[in-house]
Amino acid sequence: MPYSFKMENNFNKENMDFGILPYIGKTLKCIDAFINNELKIASIDLTKKQFLVLKTLTIRGPLPQHNLAFVTERDKASLARFINTLEKKNLVARIPSTTDKRINIVHLTKHGEKVYQNTLPIFKKLVLKIQENIPEADLQQTANTLSKIKKNIESLNTGCNRN
């Protein structure tokens, strides 16, 4: 499979130099690759990050372009290219702010809303596939641990407290 990475299951002293970070990083890469591959197989012309932008705009409504930088993990220039791609697919539209013409507000188009609604059930099924055969208690413990890690990072004032 294109999204397989070698991961050690033994969490021992030798692997402790970087704690659980390598496990998190490799797992995230596997998740991204799996979801992107499955969306492609389903003939959905979206990546996981593009879907997450559509989801963010669906939930929060129109947002200033720079607010999407955290969701997409992109810098200013890269984010502009990313939004250009979404515009070419007619998923979003950039409209200058009425109060500050330097700021573009990113809106979901009607087509973007439709693509999001059609992709959402597929995305949910992929999440269930990923979590298959993992007891609910394990999933809850993992979520709790990751939440604590995120709080630790936020306490370092890293700008990571947006989501």
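Residues numbered from 1 in each chain as written. Predicted model: local features only at pLDDT ≥ 70, side-chain atom pairs only at ≥ 80, totals over all residues. Heavy atoms only, no water.

## What about the overall build of the protein chain?
- Tallying secondary structure elements over the protein chain gives 6 helices and 3 strands in all.
- When its helices and strands are written in sequence order, the protein chain yields α-α-β-α-α-β-β-α-α.
- Counting over 163 residues, the protein chain shows a buried share of 27%.
- Taking contacts inside the protein chain between residues at least 6 apart in sequence as the whole, the part at least 24 apart equals 49%. (Helix = DSSP H or I, 4+ residues; strand = E, 2+ residues; numbered from the N terminus. Buried < 20%, exposed > 50% of the residue type's maximum accessible area, 1.4 Å probe, protein only. Contact = heavy atoms within 4.5 Å.)

## A short note on the sheet that holds strand β3 (residues 104-108)
- Spatial strand order, β1-β3-β2: 3 strands in an open sheet with antiparallel pairing. Only two strands of the sheet have a single partner each, and these edge strands are β1 (63-64) and β2 (92-96).
- Both β2 and β3 contribute to a ladder of 5 bridges, which runs antiparallel. Counterpart to Pro 96 in the pairing with β3 is Asn 104.
- The strands that helix α4 (residues 76-88) touches are β2 and β3; relative to β2, the one it contacts most, it runs at about 120°. (Pairing = 2+ DSSP bridges. Axes fitted to C-alpha atoms, helices over the stretch in contact; angles between N-to-C directions.)

## As for the packing of aromatic side chains
- In the structure shown here, the tally under the stated rule is 2 aromatic pairs.
- The interplanar angle of 25° and the centroid separation of 5.3 Å between the aromatic rings of Phe 51 and Tyr 116 together place this pair among those described as stacked. Here the residue Phe 51 occupies a position in helix α2 (residues 48-60), and Tyr 116 occupies one in helix α5 (residues 110-130), the gap between them amounting to 65 residues. Here the two residues Phe 51 and Tyr 116 agree in accessibility, since each one is buried.
- Between the aromatic rings of Phe 51 and Phe 123, the centroid separation amounts to 4.1 Å while the plane-to-plane angle is 15°, which identifies the pairing as stacked. One end of the pair, Phe 51, is in helix α2; the other, Phe 123, is in helix α5, and 72 residues separate them in sequence. Each member of the pair, Phe 51 together with Phe 123, is buried.
- Linked through ring pairs, Phe 51, Tyr 116 and Phe 123 together constitute an aromatic cluster. (Phe/Tyr/Trp six-rings, centres within 6.5 Å; stacked < 30°, edge-to-face > 60°.)

Honestly, it's all geometry; don't read function into it.
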